[in-house]
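What the coordinates show
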Amino acid sequence: MEIKLDDLQGQEIARLLEDHLDDMHTHSPVESVHVLDIEKLRDPEITFWSAWINRSLAGCGALKALSPQEGEIKSMKTSPGFLRRGVASALLKNILSEAERRQYKTVYLETGSMDHFKPAYELYERFGFEPCPPFGNYQEDPNSLFFSKNL
C-alpha cells in the first residue's frame, strides 16, 4: 500500500469523495452530516492523503489543523473493494504520525452514532481514541459521536 499526499485533482478521488458524501446523506439526517466536499478539503488548513494498492484507490483521510496544538481527522473513507484489508488502519497511523510530527497535543474526530458507523468508531477506539464532548464548532447531536486522543 502506498499512502501519498493528494492534491484532490484526480477523478478517482473525486468519485470516492462524492460516494462518501452520498453515503453520509444516506445514513445521517442532513443536519448531522459534517463531511467536507472536495472544495472545502482544499483548504490550506487541511492535509489530505490517498491510499493506493496496485494503482487502485483504496481510501483516503485528512488532518485539519484546529490550532497549533490540535487537529481533527476528516474524510476517512475506504473504497468498497478494499474494506477490511487494513486501509483505514494504515491511513489512521499515517495521520497520527503527522499529528505527532506537528507536535499536536490532541487529535479529535466526529463520526456517526448509528450502527452503520460502528466499524469506524471501533477502529478509533482500538487506536486509543476516547469519547469526548463536542469540540470546535460541533454541537451536541444524538447522531454524532465525538472522540479525542491525547498524543
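Predicted model, so just to flag it, every value in this text is computed and none were measured. (Residues numbered from 1 in each chain as written. Predicted model: local features only at pLDDT ≥ 70, side-chain atom pairs only at ≥ 80, totals over all residues. Heavy atoms only, no water.)

It is worth spelling out the nonpolar core at this point. Ile 73, Met 76, Val 87, Leu 92, Leu 96, Tyr 124 and Phe 129 are the most contacted members of the largest nonpolar core, which has 29 residues in total. Of all the elements in the fold, those that place two or more residues in this core are helix H1 (11-27), strand S2 (46-53), strand S3 (56-67), strand S4 (70-78), helix H3 (87-101), strand S5 (106-112) and helix H4 (118-126). The element best represented in this core is H3, accounting for six residues. The contacts of Tyr 124, once residues within four sequence positions are left out, are Met 76, Leu 92, Leu 109, Thr 111 and Phe 129. Core analysis: the next-biggest nonpolar cluster, separate from the first, contains twelve residues, Ile 13, Leu 41, Ile 46 and Trp 52 among them. (Core = buried A, V, L, I, M, F, W, Y, C linked by side-chain atoms within 4.5 Å. Buried < 20%, exposed > 50% of the residue type's maximum accessible area, 1.4 Å probe, protein only. Helix = DSSP H or I, 4+ residues; strand = E, 2+ residues; numbered from the N terminus. Contact = heavy atoms within 4.5 Å.)

Summarising the element assignment, Thr 47 is placed in strand S2. For Thr 47, the side chain forms a polar contact with the side chain of Arg 102, separated by 2.5 Å. Among all residues touching Thr 47, those that are not within four sequence positions of it are Leu 5, Gly 61, Ala 62, Leu 63 and Arg 102. (Polar contact = N/O pair within 3.5 Å; in protein donor to acceptor, adjacent residues only side chain to side chain.)

Let us now look at the packing of aromatic side chains. Applying the stated criterion to the full structure yields five aromatic pairs. Ring centres of Tyr 108 and Phe 135 lie 4.7 Å apart, and the angle between their planes is 25°; on these two criteria the pair is classed as stacked. Within this pair, whereas Tyr 108 is found in strand S5, its partner Phe 135 is found in the loop between strand S6 (130-131) and strand S7 (144-150), the two being separated by 27 residues in sequence. Note on accessibility: Tyr 108 and Phe 135 belong to one class, buried. Put simply, the rings of Tyr 108, Phe 135, Tyr 138 and Phe 146 touch in pairs and so form one group of aromatic residues. Taking the ring centre of Trp 52 as reference, the NZ or CZ of Lys 4 above it sits at 5.0 Å. (Phe/Tyr/Trp six-rings, centres within 6.5 Å; stacked < 30°, edge-to-face > 60°. Lys NZ or Arg CZ within 6 Å of the ring centre and 35° of its normal.)

Assignment of secondary structure puts Met 76 in strand S4. Measuring from C-alpha to C-alpha, the distance between Met 76 and Ala 62 comes to 6.9 Å, with 14 residues separating the pair along the chain. Other than its neighbours up to four places away in sequence, Met 76 contacts His 20, Cys 60, Gly 61, Ala 88, Leu 91, Leu 92, Ile 95 and Tyr 124.

Turning our attention to the sheet that holds S4. In space, the seven strands of this open sheet follow the order S1-S2-S3-S4-S5-S7-S6, with mixed pairing throughout. Because the sheet does not close on itself, it has two edges, and the strands there are strand S1 (2-5) and S6. Set on the sheet, H3 makes contact with S1, S2, S3, S4, S5 and S7; between it and S3 the angle comes to about 30°. On top of the sheet, H4 reaches S4, S5 and S7; it is set at about 160° to S5, its chief contact. (Pairing = 2+ DSSP bridges. Axes fitted to C-alpha atoms, helices over the stretch in contact; angles between N-to-C directions.)

This part takes up H1. Residues spaced three or four apart along an α-helix face the same direction, because each turn holds 3.6 residues. Spanning 17 residues, H1 covers 24 Å between terminal C-alpha atoms, matching the ideal 24 Å at 1.5 Å per step. Turning to H1, its buried residues number three or more, namely Ile 13, Leu 16, Leu 17, His 20, Leu 21, Asp 23 and Met 24. Projected down its long axis, H1 shows its buried positions confined to an angular sector of 160°, all on one face. Residues Gln 11, Arg 15 and Thr 26 are exposed on H1 and point more than 90 degrees away from its buried face. Residues of H1 that are buried sit in contact with helix H2 (38-41), S2, S3 and S4. (Expected span 1.5 Å × (residues − 1). Arc of directions from axis to C-beta.)

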